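Descriptive structure summary
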Amino acid sequence: MQSDLRAVLLDLIQVPPRLRGLKDHRVEVLAQDIGFQGLLQPILVQAVAGGFRLVDGAHRLAAVRQLGWTEVAAQVL
C-alpha cells in the first residue's frame, strides 16, 4: 500500500465512529507537546470522495484542532 505525506485541510477530514472515545487529558497533553515541539508523527488518512477519512491519529487530530490549526501533516493512502 503506497502513501504520500502532505498537508491536509482539517475541514476535509471525516472522523468515522470510534470504538473508544477520546481521552480529554491525552488530547490536552498532546496539544501542549505539539505546541512546543510541533507534530512529530503525521496522522494517517485515506483519500475518499470529497476529502479524507481518518485511519489513525484521532488524539493528534483533536490536539491540533484545539491549537487552532487549519491543516495537518498526513500520510495519505
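Our subject is the structure listed above.
Below, the structure is looked at part by part.

Definitions and limits used
- Residues numbered from 1 in each chain as written.
- Predicted model: local features only at pLDDT ≥ 70, side-chain atom pairs only at ≥ 80, totals over all residues.
- Heavy atoms only, no water.
- Pairing = 2+ DSSP bridges.
- Helix = DSSP H or I, 4+ residues; strand = E, 2+ residues; numbered from the N terminus.
- Core = buried A, V, L, I, M, F, W, Y, C linked by side-chain atoms within 4.5 Å.
- Buried < 20%, exposed > 50% of the residue type's maximum accessible area, 1.4 Å probe, protein only.
- Contact = heavy atoms within 4.5 Å.

Right, let's get into the pairing of strand β3 (residues 43-48). Looking at chain direction, β3 and strand β5 (residues 71-76) are connected through three bridges and run parallel. Its bridge partner being in β5, V45 is matched across the sheet by V76. The pairing of β3 with strand β4 (residues 51-56) spans five bridges and is antiparallel. Across the sheet, Q46 pairs through a bridge with R53, a residue of β4.

I13, I43, V45, L54 and L61 are the most contacted members of the largest nonpolar core, which totals 18 residues. Elements with a minimum of two residues in this core: α1 (24-37), β3, β4, α2 (58-66) and β5. For this core, the leading source of residues is α2, giving five residues. Residues within four places of L54 in sequence aside, it is in contact with I13, Q14, V15, P16, I43, L44, V45 and L61.

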